[in-house]
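Spelled out, the chains give:
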Amino acid sequence: MTLADVAGVVGLSWDTVKDIVRPQLEKAVTPARFKGLKHLAVDEIYVGKNRKFYTLVIDLDTGRIVWVAHGRGSACLRGFWRRLRLAKAKIKAVAMDMSAAYWKAVRDNLPRAAVVFDKFHIVKLVNERLDEVRRQLVRETEQSLRADIKGTRFLLLSRRHNLTKEKMYALDVALRANQPLFAAYYLKEELRLLWAQSTAVDMRRFLKGWCRRALETGLAPFRSLVKTLRSRRKGILEWFHHRINSGRMEGINNKVKVMTRSAYGYRDEAFFVLKLYNLHLARQELVG
């Protein structure tokens, strides 16, 4: 229940209920939460137009938020590195999207930890480049062929085995109508095989070959994508040795959205941060 709901049931003010709950929440914010950390995930969340962004660090082994800072970027993690050193935590790997700021911060402060770029963010990046190709073709294709390409965004970005026979037929019509679109779609589907390779050497060889084939298409969106993947090759390939991702972080983002929506926001920022530290213990649901 929200604080307002509890206050209405027990006949107390919102602030009184908050003051009763606060000491219980503060028990989770102890230096002990940094001990034994091995696998982390770092990301930013958007909580609304007033407070905008918060930077979160979670323990991937437990799903617990261990660091919260208002804002985004490497500056939000300065206090976290100091706490880690004091706790003598031995971090093995950190999962994240391909944000340059967080990547550099981890490399500078945890030189022995592996950085693992989240595979779902990589697939999302490929989908965005495919959609760029589709939009460009819609603008440039002749009117007679444009109808086959327009309205295919959902079909192109979906997994092929999730499509019905009718949608599969519509997708095949669009792909046959334009060779660049077919090449981009094939690259998108093929990249998913990167994480199915049996050895680290095979994974490295597959990524190298995929980048070469992407360049051979001559598609500008995929040329820029290859540049990005090559510059972050080490973090992509580290997945073979540390099979972690940001899936738990995405789940926490959803829980935060539900929590703030059900409470219509929090006017006390310190109390909001305490709620975040205890989020792994709560089940968030929209009621009413």
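Residues numbered from 1 in each chain as written. Predicted model: local features only at pLDDT ≥ 70, side-chain atom pairs only at ≥ 80, totals over all residues. Heavy atoms only, no water.

Re a positive patch on the surface
Taken together, the side chains of R204, K208, R230 and R233 present a region of like positive charge at the surface. By the secondary structure assignment, R230 is in helix α11 (residues 220-231). On the basis of relative accessibility, which here comes to 41%, the residue R230 falls in the partly exposed class. (Patch = residues over 30% accessible without salt bridge, like charges linked within 9 Å, V, L, I, M, F, W, Y side chains within 5 Å. Areas by Shrake-Rupley, 256 points an atom, 1.4 Å probe, with all protein chains shown as cover. Salt bridge = Lys/Arg side-chain N within 4 Å of Asp/Glu carboxyl O. Lys, Arg positive; Asp, Glu negative; His and termini not counted. Charge placed at Lys NZ, Arg CZ, Asp CG, Glu CD. Helix = DSSP H or I, 4+ residues; strand = E, 2+ residues; numbered from the N terminus. Buried < 20%, exposed > 50% of the residue type's maximum accessible area, 1.4 Å probe, protein only.)

Considerations on the sheet that holds strand β3 (residues 64-70)
Strand order in the open sheet formed by five strands is β3-β2-β1-β4-β5, with mixed pairing between adjacent strands. Each edge of the sheet is formed by a strand with only one pairing partner; in this case those strands are β3 and β5 (114-117). Across the sheet, the mean angle separating the axes of adjacent strands is 25° when strand polarity is ignored. Pairing of strand β1 (residues 39-46) with strand β2 (residues 53-59), which is carried by seven bridges, proceeds in the antiparallel orientation. By the bridge assignment for β2, L40 is matched with D59. (Pairing = 2+ DSSP bridges. Axes fitted to C-alpha atoms, helices over the stretch in contact; angles between N-to-C directions.)

Considering the pairing of β5
Side chains A114 and V116 project from β5 onto one buried face, and the interleaved V115 and F117 project onto a second face that is buried too. Note that strand β4 (residues 93-96) and β5 share four bridges and pair parallel. Across the sheet, the residue bridging to A93 is A114, located in β5. In the classification by handedness, the crossover that spans β4, the intervening helix α4 (residues 100-109) and the parallel β5 is right-handed. (Right-handed = clockwise from strand over helix to strand, strands pointing away.)

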